[in-house]
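A closer look at the structure
Listed below, chain by chain, are the residues.
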Amino acid sequence: MSAKRTSLEKFRLKRALETLARKEGRGTELVSLYIPPGRQISEVAAMLKQEYGTASNIKSNTTRKNVQDAIVKVTQRLKLFKEVPEKGLVIFCGAIPQNGPGSERIETYVITPPEPIHVYLYRCDAKFHVEHLQDLLKEKETYGIIVIDSSASTFATLLGRRLEIAQEITSGVPGKHRAGGQSARRFERLREARLSSYFKRIGQHADEIFLSIPDLKGLIIGGPGPTKYDFEKGDHLNYQLKDKIIATIDTAYVSEQGVEEVVERAPEILQRVRYVEEKRIMQEFLYEIGHDTGLATYGEEEVKRSLEMGAVKTLLLSEGLEVVRVTVKCTACDYVKQETMKAQAVQSFEQSLSGQPCPKCTAPALYIAEVKELIEDLAERAEQVAANVEIISTETEEGQMLKNSFGGIAATLRFKLSG
Ligand SMILES: [Zn+2]
């Protein structure tokens, strides 16, 4: 999977989970079902049948009916699958009040996770259990860690939150204080020779451990004191690994404890890495705009036109763009209209529709058929023409510029558009 897609995929899952997390049942009647790859559909169906039976003990009539209805719906959805998809399957289902008590309607959401899930879970609760999917939003790439000081080095890999200590080596470098009778110069020479061979060994171990990882995302170097900087300055690391160093940080400890310190700070380090990436993407765009090369554009209409012509190289969308595209239809005829508005304005817009005559058939039958985030709408168009999509946060100065100066929508182009 290319890194270009990741920000969009993450954004989509994040928004879907935000929506699901907001939903509340009237009682303990919302079903969450997580099925990891490898399970048999029949086995899960049997478990649901049993849960249906257990639910008959629920005292409240409404709750019992809602739980059993949800289980039936989940079972029906499940049976549409011949087997569990390769990354697993998650189904949320339950009676959600639409407009105050008594207005519950069964809603069903089927999610095929972007990465394999490992949990097998059936839960009936007043809310949907989205936390296991939220875990997928966390960092999943592999990072290398080396903690270095003058006495020892520790090598570790961090895959998501799973830390593995790969190796520890000692330096063989004598301490700062020489033994009695030894000449100061000789001691210094010996120490330097040992240090140099130590650095060389660190480089060799790093090659062995990290070069074989096919998609190593980055390397973090840590350790107390200046030894780590000396190591970095010297040419002891393979150039492929050198290019991957994303941070060099001070730790209070060496060995495993030092590694754990690095891991604790990893989310913050990795977030910073993404911000640097976002800045770089935005600067590319700003360069084209600033130099008037014709290879960048912004604003909804211009970007849409460029997408239609297949000219967009990278579509930049601000995460702060809280604009939706509303599709209005008529139940009496085939009238369709789309309008773009702020997300907060949808509710009052919906109220304004009721009783309004349809422009085509004059029946007071207009309704909102779909509300889609503008980000999603544009991202889909970009995917159709194989353009890259980058969702840019508002955490950097450049990200703020995208949101405030360019309307949250911009693009770099593959070729100049005339007119
Ligand atoms: Zn109509």
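Residues numbered from 1 in each chain as written. Predicted model: local features only at pLDDT ≥ 70, side-chain atom pairs only at ≥ 80, totals over all residues. Heavy atoms only, no water.

1. Considering the packing of aromatic side chains
Rule in force here: In summary, the pairing rule links any two rings of Phe, Tyr or Trp, Trp by its six-membered ring, whose centres are within 6.5 Å, and it sorts them by plane angle into stacked for under 30 degrees, edge-to-face for over 60 and tilted for everything else. Where helices and strands are cited, they refer to DSSP runs of H or I of at least four residues and of E of at least two residues respectively, numbered from the N terminus. Three labels apply to residues, based on accessible area from a 1.4 Å probe with only protein chains included: buried if under 20% of the type maximum, exposed if over 50%, partly exposed otherwise in between.
Taken as a whole and judged by the stated rule, the model has 8 aromatic pairs. Judged by centre distance (6.5 Å) and plane angle (75°), the ring pair of Tyr109 and Phe128 falls under edge-to-face. Highlighted residues: Tyr109 in strand β3 (residues 104-111) and Phe128 in the loop between β4 (121-125) and α4 (131-137), separated in sequence by 19 residues. By relative accessible area, which is 26% here, Tyr109 ends up partly exposed. Consider the rings of Phe285 and Phe406, whose centres lie 5.0 Å apart with planes at 85°: the pair is edge-to-face. In this pair, Phe285 is assigned in helix α8 (residues 255-290) and Phe406 in the loop between α12 (397-405) and β16 (409-413), connecting sequence segments 121 residues apart. Within the aromatic cluster, the residues linked to one another by ring pairs are Tyr34, Phe92, Tyr109 and Phe128.

2. Let's talk about helix α3 (residues 61-78)
Stated formally: Given the number of residues in a helix, its expected span is that number minus one, multiplied by 1.5 Å. In what follows, a contact means two residues having at least one pair of non-hydrogen atoms within 4.5 Å.
Along its 18 residues, α3 runs 26 Å from first to last C-alpha, staying within 8% of the 26 Å computed at 1.5 Å per residue. In this structure, the buried side of α3 is in contact with β1 (30-35), α2 (41-55), β2 (89-97), β3 and β4.

3. Considerations on the pairing of β3
Along a regular strand, successive side chains alternate from one face of the sheet to the other. This is how it is decided: Should DSSP find at least two bridges between two strands, the strands are taken to pair.
Here 8 bridges tie β2 to β3, and the two strands are oriented antiparallel to one another. Paired with Ile91 across the two strands is Val110, which belongs to β3. Joining the antiparallel neighbours β2 and β3 is a turn of 6 residues, in which Gly100 adopts a positive phi near 85°.

4. Re the sheet that holds strand β5 (residues 142-148)
Threshold: The axes are straight lines fitted to the C-alpha atoms, using for helices just the contacting stretch, and the angles between their N-to-C directions are given from 0 to 180°.
Read from one edge of the open sheet, 5 strands run β7-β6-β5-β8-β9, paired in mixed fashion. Each having just a single partner strand, β7 (162-170) and β9 (245-250) make up the two edges of the open sheet. Across the sheet, the mean angle separating the axes of adjacent strands is 20° when strand polarity is ignored. Across 6 bridges, the pairing between β5 and strand β8 (residues 216-223) is parallel. Opposite Ile145, over in β8, you have Ile220 as the bridge partner. Running over the sheet, helix α5 (residues 184-210) touches β5, β6 (152-159), β7 and β8 and is turned about 20° from β6.

5. Some thoughts on the nonpolar core
Which entries qualify depends on this criterion: For our purposes a nonpolar core is just a set of buried Ala, Val, Leu, Ile, Met, Phe, Trp, Tyr and Cys residues, chained together by side-chain atoms within 4.5 Å.
Of all hydrophobic cores here, the largest spans 22 residues; its most connected members are Val312, Leu315, Leu317, Leu378, Val389, Ile391 and Ile409. Core analysis: the second largest hydrophobic core is formed by 20 residues, Ile202, Leu216, Ile221 and Ile245 among them.

6. Digging into the state of the cysteines
Quick note on the threshold: We call a pair of cysteine sulfur atoms a disulfide when they lie within 2.5 Å.
Counted according to the given criterion, the structure contains 0 disulfides. As a non-bridged cysteine, Cys124 has Cys93 as the owner of its nearest cysteine sulfur, 10 Å distant.

7. Digging into the pairing of strand β13 (residues 336-342)
Bridge count between strand β12 (residues 323-330) and β13: 7 bridges; the pairing is antiparallel. Paired with Val324 across the two strands is Met341, which belongs to β13. Between the end of β12 and the start of β13, which pair antiparallel, lie 5 residues.

8. What about the coordination of the zinc ion?
Note the threshold: Ligating atoms shown are N, O and S within 2.8 Å of the metal, or 3.2 Å for Na, K and Ca, and water is not included, meaning a site may look less than complete. Under the classification used here, a metal with four donors is tetrahedral if each angle lies between 85 and 135 degrees, square planar if opposite donors are over 155 degrees apart and the others between 65 and 115, a six-donor metal meeting that same test is octahedral, and anything else is irregular.
Looking at the zinc ion, one finds its protein donor set to be Cys330 (SG), Cys333 (SG), Cys358 (SG) and Cys361 (SG), positioned 2.3 to 2.4 Å from the metal centre. Classification of the site at the zinc ion as tetrahedral follows from its 4 donor atoms and the range of 107 to 114° in their angles at the metal. Positions of the donor residues of the zinc ion, expressed as sequence spacing, correspond to C-x2-C-x24-C-x2-C. Of this pair, Cys330 sits in strand β12 while Cys361 sits in the loop between α10 (346-353) and β14 (366-373), placing them 31 residues apart in sequence.

9. A closer look at the sheet that holds β12
Strands sit in the order β13-β12-β14 across an open sheet of 3 strands; the sheet is antiparallel. Because the sheet does not close on itself, it has two edges, and the strands there are β13 and β14. Between one strand and the next, the sheet's axes are offset by a mean angle of 25°, whatever the strand orientation. Alignment of β12 against β14, held across 7 bridges, turns out to be antiparallel. By the bridge assignment for β14, Arg325 is matched with Lys372. Most of the contacts of α10 go to β14, to which it runs at about 165°, and overall it touches β12, β13 and β14.

10. As for the packing of α2 against α3
Short version of the rule: The scheme is simple: roughly parallel for angles under 35 degrees, roughly antiparallel for over 145, roughly perpendicular for 65 to 115, oblique for anything else.
The geometry of α2 relative to α3 is characterised by a closest axis approach of 10 Å and an angle of 170° between their N-to-C directions. When the interaxial angle is binned, α2 and α3 end up roughly antiparallel. Here Ile41, Val44, Ala45, Leu48, Glu51, Tyr52 and Ala55 of α2 lie close against α3, whose contacting residues are Arg64, Val67, Gln68, Ile71, Val72, Val74, Thr75 and Leu78.

11. A look at a negative patch on the surface
Note the threshold: Nonpolar side chains (Val, Leu, Ile, Met, Phe, Trp, Tyr) are joined into patches within 5 Å and like charges within 9 Å, using only residues with over 30% relative accessible area and no salt bridge. The Shrake-Rupley method, run with a 1.4 Å probe sphere, supplies the accessible areas, and residue values consider only the shown protein chains as cover. A pair is scored as a salt bridge if a Lys or Arg side-chain nitrogen falls within 4 Å of a carboxyl oxygen belonging to Asp or Glu. The sign given to each residue is positive for Lys and Arg and negative for Asp and Glu; His and the chain ends receive no count. Where a charge sits is defined by one atom per residue type, namely NZ (Lys), CZ (Arg), CG (Asp) or CD (Glu).
On the surface, a cluster of negative charge is made up of Glu168, Glu256, Glu260 and Glu264. Tallying contributions element by element places α8 first for the negative patch, with 3 residues.

12. Overview of α8
Since the α-helix turns once every 3.6 residues, residues separated by three or four places project in the same direction. Threshold: Fitting axes to the seven residues ending at a residue and to the seven starting there, one defines the bend at that residue as the angle between these axes.
Taking 1.5 Å as the rise per residue, α8 with 36 residues should run 52 Å; its terminal C-alpha atoms sit 49 Å apart, in good agreement. When the local axis directions of α8 are compared, the greatest deviation, roughly 50°, occurs at Ala266, which is followed within four positions by the proline Pro267. Of the residues making up α8, those classed as buried are Gly258, Val259, Val262, Ala266, Ile269, Leu270, Arg274, Glu278, Ile281, Met282, Phe285 and Glu288. With its phi angle positive at about 50°, Asp292 sits one or two positions after the end of α8.

13. Comments concerning empty space enclosed by the protein
To keep things clear, this is the line we draw: Cavities and pockets are defined on a 1 Å grid built over the protein atoms alone: a cavity is a set of grid points where a 1.4 Å probe fits but cannot escape, while a pocket is an open set with protein on both sides within 12 Å along at least five of seven lines, and lining residues are those with an atom within 4 Å of any such point. Grid points are joined across faces, edges and corners, and a volume is the space filled by probe spheres set on the points. Under this grouping Gly is polar, as are all residues other than the nonpolar Ala, Val, Leu, Ile, Met, Phe, Trp, Tyr, Cys and Pro and the charged Asp, Glu, Lys and Arg.
Taken as a whole, this structure holds 1 cavity of 30 Å³ or more when the rule is applied. The volume enclosed by the largest cavity comes to roughly 30 Å³. Lining of the largest cavity is provided by Phe231, Glu232, Gly234, His236, Leu237, Lys242 and Ile245. In the lining of the largest cavity, the residues fall into 3 nonpolar, 2 polar and 2 charged.

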